[in-house]
Amino acid sequence: MSALTETGATGTLRTRPGVLHRLVRNRSALIGGALVLLFVLMALLAPILPLSDPLKSNFLAIRKPPSELYWFGTDELGRDQVARLFFGARTSLLAGIVSVAIALAIGIPFGLVAGWYGGWIDAVISRVTEALLACPFLILAIAFAAVLGPSLTNAMIAIGLSAVPIFIRLVRGQVMTVRAEDFVEGARSIGARDLRLMLVHVLPNTLSPVIVQATLFMAQAIILEAALSFLGLGQQPPSPSWGQMLNVAKNFMEQAPWMSVAPGVAIFLAVLGFNLLGDGLRDALDPKES
């Protein structure tokens, strides 16, 4: 992205750094990006690295403490915690990506239509959105997951559906602001139809806050997937999931406390990474930032 220039009080030109430059200068965003990259690499490399089979039990190594052979110890069935942690990263990131994709695929079109047309269409969509937003996010996701049934796929659908009202409200507000801009009226005056106006002129100018919200929601989706798995509504045994690992570990807090450390720290760092990256993107995409 090319740098923008502006004239200062002395008449000289000052360079305003681009989005990427501002993002790179943000130390918190760099830390967040590094954490996110770490977990992405864990998920991608899990099948390639020489890790133990995360599903294979070893009854000679049940609840072994951390050692040179088992860096994070073993679980109640003798499975290596490192292997399950790496493969659990695939579950958590997949849940976040799919959930965000579902929320965007539904939320953007409804928000775009509501904000553009207004009137009774906006009234109907807004009332339904407000009704869903009145229900706590976690409770709504648990309700959807309970209705759909326990599985990772259903958990991802439940999380995505629970986030739809958030994106509808966000996109609607942005569209209502952008549609009043002069360039939209100019395009309308030369004969551009509603569909072209919405998709070509309005939607691209609403995406910056949507991208930021999607990044921040990834953190919420990871937490929620872990919560649903902890409750038995997400990933089902024996497939690894950080929430499921914590669910098992709670039964052995006195005998094997190390079982809860690895998945707990992984969830904390993943959520921290996406939150820091989202905050950095918000600052970098803010047109008021110089």
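Residues numbered from 1 in each chain as written. Predicted model: local features only at pLDDT ≥ 70, side-chain atom pairs only at ≥ 80, totals over all residues. Heavy atoms only, no water.

Notes on the packing of aromatic side chains
Keep this limit in mind: By convention, a stacked pair of Phe, Tyr or Trp rings (six-membered ring in the case of Trp) has centres within 6.5 Å and planes under 30 degrees apart, an edge-to-face pair has planes over 60 apart, and any other such pair is tilted. Helical segments are the DSSP runs of H or I of at least four residues, strand segments are the runs of E of at least two, and each set is numbered from the N terminus. Burial status follows relative accessibility: with a 1.4 Å probe on protein chains alone, a residue under 20% of its type maximum counts as buried, one over 50% as exposed, and anything between as partly exposed.
All told, the structure shown has 3 aromatic pairs when counted by the stated rule. Ring plane angle 85° and centroid distance 5.8 Å describe the contact between Phe137 and Phe217, whose orientation is recorded as edge-to-face. Here the residue Phe137 occupies a position in helix α5 (residues 137–148), and Phe217 occupies one in helix α9 (residues 207–230), the gap between them amounting to 80 residues. Classification of Phe137 by relative accessible area gives partly exposed; the value is 21%. Here Phe167 and Phe217 contribute two aromatic rings whose centre-to-centre distance is 6.1 Å and whose plane-to-plane angle is 90°, an arrangement assigned as edge-to-face.

Let's talk about unusual backbone geometry
In this model, Pro237 is joined to Pro238 through a cis peptide bond whose omega is 5°. Of note, Pro238 is situated in the loop between α9 and α10 (242–249). With a phi close to 50°, Arg63 is a non-glycine residue in the positive phi region. With respect to the secondary-structure elements, Arg63 resides in the loop between α2 (27–45) and α3 (81–117). Residue Arg63 is classed as partly exposed on the basis of its relative accessible area of 30%.

Structural notes on the packing of α3 against α9
Here is the rule: Here an angle of 0 to 180 degrees is reported between the N-to-C directions of two axes, which are lines fitted to C-alpha atoms, with helices fitted over the stretch in contact. Angles below 35 degrees are treated as roughly parallel, those above 145 as roughly antiparallel, those between 65 and 115 as roughly perpendicular, and all remaining angles as oblique. Handedness of a crossing is defined here by the sense of rotation of the near helix relative to the far one, left-handed for an anticlockwise turn of less than a right angle and right-handed for a clockwise turn. When checking whether two residues touch, look at their non-hydrogen atoms; a contact exists if any pair is within 4.5 Å. Ten residues, namely Ala, Val, Leu, Ile, Met, Phe, Trp, Tyr, Cys and Pro, are considered nonpolar, four, namely Asp, Glu, Lys and Arg, are considered charged, and the remaining ones, Gly among them, are considered polar.
Their axes nearest at 8 Å, the elements α3 and α9 cross at an angle of 130°. Classified by the angle their axes make, α3 and α9 are oblique. For the pair α3 and α9, the crossing hand works out as right-handed. Seen from α3, the contacting residues are Thr91, Ser92, Leu93, Ala95, Gly96, Ile97, Ser99, Val100, Leu104 and Ile108; seen from α9, they are Val210, Ala214, Phe217, Met218, Ala221, Ile222 and Glu225. Looking at side-chain class alone, the contact of α3 with α9 contains 12 nonpolar, 4 polar and 1 charged residues.

Here's the deal with the pattern of salt bridges
As a reminder of what qualifies: Salt-bridge detection follows one rule: a side-chain nitrogen of Lys or Arg within 4 Å of a carboxyl oxygen of Asp or Glu.
Throughout the structure, instances matching the rule amount to 7 salt bridges. Here Arg79 ties to Asp75 by a salt bridge, and the two come within 2.8 Å at their closest N and O atoms. Its relative accessible area of 6% is what places Arg79 among the buried residues. We note a salt bridge from Arg169 to Glu130, for which the minimum N-O separation is 3.7 Å. Taken together, the residues span a long stretch of sequence, with Arg169 in helix α6 (residues 152–178) and Glu130 in helix α4 (residues 119–133) at a distance of 39 residues. Classification of Arg169 as partly exposed rests on a relative accessible area of 37%. Residues joined in a network through salt bridges with shared partners are Asp75, Glu76, Arg79 and Arg84.

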